Amino acid sequence: VLNVQSLWEKTKGKGVKIAIIDDGINLQHPDLQHITPSFSYDAEQRKLSSSPLSNIDRHGTMVAGIIFAAHNGFGIDGIAPEAELIALRQPDTWTSNTLLSFQLAKLAGADIVNCSWHSRWLLQPVADIVNELAATGRGGKGLPIVFSAGNENRLVEKNMTESAIMSAIVVGAGDGGKRRLGYSNYGPSVDLYIYATPVMSTGRDGGYQRFSGTSLAAAITSGYVALLLAQNSELTLGQVVAKLRNRK
């Protein structure tokens, strides 16, 4: 269990920049209207926007709600609602668009990159940029890049997908303790198992819908890391991972 309530007494993520690489995000949602992104870009359309463009653009809005939803007395409460959003729409699996998204996250000053997804296979250029940012990002302290492990009850083997990247923070689905749920992928690259049972999150159409799985677990983790970095911006990537693994 992540002790978010006690951290909220000190911070709600102010001063931390979280990049979400996902499909489009509906920032007109009542629980997300307080957000003015520090940077938005559509890697598919090559324009300065992260808005949903089609019916497939639903996932990013749910991810954003878990992290950023306002504490406004209705709807849901996000984990780090006062953090800054870098919104990067990347709804396809084109490697060039994925690489561009990571480069833009770096240039926009991301302190965390949330990737509640993985591709069908891992291509070396993607592994290279994740490894580079994990080693040199945040002024050499290391950039936390959070990937979902996947929901296929599979062993994550070397070079299988982005969830095999050892330098990333790879999150599986857990029961709220530290035990893996049966459908979650697993393996040596999976750093932790975080709560993944269905919860309500912000929907693309302005309402709320159920969200679960390792996508949820990754979003929760990114929000929690934002609270840690808001308290101590000097934490290295290794120290962040240690705090996640040793959580009470």
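Going by the structure above, here's the rest.
Bear in mind that the values here come from a model prediction, so they are computed numbers and not experimental data.

Take the overall build of the protein chain next. The number of helices and strands found in the protein chain is six helices and nine strands. Each of the 248 residues in the protein chain was classed as buried or not, and the buried ones make up 56%. The long-range share in the protein chain, meaning contacts at least 24 apart out of those at least 6 apart in sequence, stands at 71%. Averaging the positions of the 23 positive and the 21 negative side-chain charges in the protein chain gives two centres separated by 5 Å.

Strands sit in the order E2-E3-E1-E4-E5-E6-E7 across an open sheet of seven strands; the sheet is parallel. Of all strands in the sheet, those bounded by a partner on one side alone are strand E2 (39-42) and strand E7 (190-195). Averaged over all pairs of adjacent strands, the angle between their axes in this sheet comes to 25°, without regard to strand direction. In terms of strand pairing, strand E1 (residues 17-22) meets strand E3 (residues 84-89) through six bridges, oriented parallel. Each residue of the ladder has a partner; that of Asp 22, found in E3, is Arg 89.

Two elements in contact, helix H2 (residues 59-68) and helix H5 (residues 213-231), have axes separated by 8 Å at closest approach and are oriented at 40°. The angle between H2 and H5 falls in the class oblique. Like other packed secondary-structure pairs, H2 and H5 cross with a definite hand, here right-handed. Of H5, the residues touching H2 (which contributes His 59, Val 63, Ile 66 and Ile 67) are Ser 215, Leu 216, Ala 219, Ile 220, Ser 222 and Gly 223.

Take H2 next. Burial analysis of H2 places nine of its ten residues in the buried class, which makes it a mostly covered element. Burial in H2 covers these residues: Gly 60, Thr 61, Met 62, Val 63, Ala 64, Gly 65, Ile 66, Ile 67 and Phe 68. Considering only its buried residues, H2 is in contact with E1, E3, strand E4 (112-115), strand E8 (199-202), strand E9 (208-211) and H5.

Residues Phe 74, Met 200 and Tyr 208 make up a contiguous nonpolar surface patch of roughly 270 Å² in combined accessible area. Mapped onto the fold, Phe 74 is located in the loop between H2 and E3.

To continue, consider the pattern of salt bridges. Scanning all chains against the criterion turns up eight salt bridges. Residues Arg 89 and Asp 42 are paired through a salt bridge, measuring 3.0 Å at the closest nitrogen-oxygen approach. Residue Arg 89 is located in strand E3, and its partner Asp 42 is located in strand E2; the two are separated by 47 residues in the primary sequence. You can call Arg 89 buried: its relative accessible area is 2%. Its salt-bridge partner being Arg 58, residue Asp 205 comes within 3.2 Å of it at the nearest N-O pair.

What follows is about the layout of surface pockets. Considered as a void within the structure, the largest pocket measures approximately 410 Å³ in volume. Forming the boundary of the largest pocket are 21 residues, of which Leu 2, Val 4, Ile 79, Tyr 195 and Ile 220 lie nearest the centre. Mapped onto the lining of the largest pocket, the elements with two or more residues apiece are helix H1 (4-8), H2, E7, E8 and H5. Counted by class, the lining of the largest pocket contains 14 nonpolar, five polar and two charged residues. If you add up the space inside the second largest pocket, you get close to 270 Å³. Lining the second largest pocket are 18 residues, and of these Gln 90, Pro 91, Asp 92, Trp 117 and His 118 sit closest to its centre.

The next thing to look at is the environment of Lys 10. Mapped onto the fold, Lys 10 is located in the loop between H1 and E1. Each C-alpha atom of the pair Lys 10 and Gln 231 lies 7.7 Å from the other, and the pair is 221 residues apart in sequence.

On to the pairing of E7, then. Burial analysis of E7 places five of its six residues in the buried class, which makes it a mostly covered element. For strand E6 (residues 169-174) and E7, the ladder comprises five bridges, and the chain directions are parallel. Residue Ala 173 lies in a different strand from E7, and its bridge partner there is Ile 194.

Turning our attention to helix H3 (residues 95-107). When the terminal C-alpha atoms of H3 are compared, their 18 Å separation across 13 residues agrees well with the 18 Å that a helix rising 1.5 Å per residue should span. Within H3, the full set of buried residues consists of Asn 97, Thr 98, Ser 101, Phe 102, Leu 104 and Ala 105. Projected down its long axis, H3 shows its buried positions confined to an angular sector of 160°, all on one face. Along its buried surface, H3 packs onto E1, E2, E3, E4, helix H4 (124-136) and strand E5 (145-148). Just downstream of H3, Gly 109 is the residue with a positive phi angle, here 85°.

Cut-off values and rules
- Residues numbered from 1 in each chain as written.
- Predicted model: local features only at pLDDT ≥ 70, side-chain atom pairs only at ≥ 80, totals over all residues.
- Heavy atoms only, no water.
- Helix = DSSP H or I, 4+ residues; strand = E, 2+ residues; numbered from the N terminus.
- Buried < 20%, exposed > 50% of the residue type's maximum accessible area, 1.4 Å probe, protein only.
- Contact = heavy atoms within 4.5 Å.
- Lys, Arg positive; Asp, Glu negative; His and termini not counted.
- Charge placed at Lys NZ, Arg CZ, Asp CG, Glu CD.
- Pairing = 2+ DSSP bridges.
- Axes fitted to C-alpha atoms, helices over the stretch in contact; angles between N-to-C directions.
- Parallel < 35°, antiparallel > 145°, perpendicular 65-115°, else oblique.
- Left-handed = near helix turned anticlockwise from the far one by under 90°.
- Patch = residues over 30% accessible without salt bridge, like charges linked within 9 Å, V, L, I, M, F, W, Y side chains within 5 Å.
- Areas by Shrake-Rupley, 256 points an atom, 1.4 Å probe, with all protein chains shown as cover.
- Salt bridge = Lys/Arg side-chain N within 4 Å of Asp/Glu carboxyl O.
- 1 Å grid on protein atoms, 1.4 Å probe; cavity = no way out; pocket = protein on both sides within 12 Å on 5 of 7 lines; lining within 4 Å.
- Points joined across faces, edges and corners; volume = space filled by probe spheres on them.
- Nonpolar A, V, L, I, M, F, W, Y, C, P; charged D, E, K, R; others polar.
- Expected span 1.5 Å × (residues − 1).
- Arc of directions from axis to C-beta.

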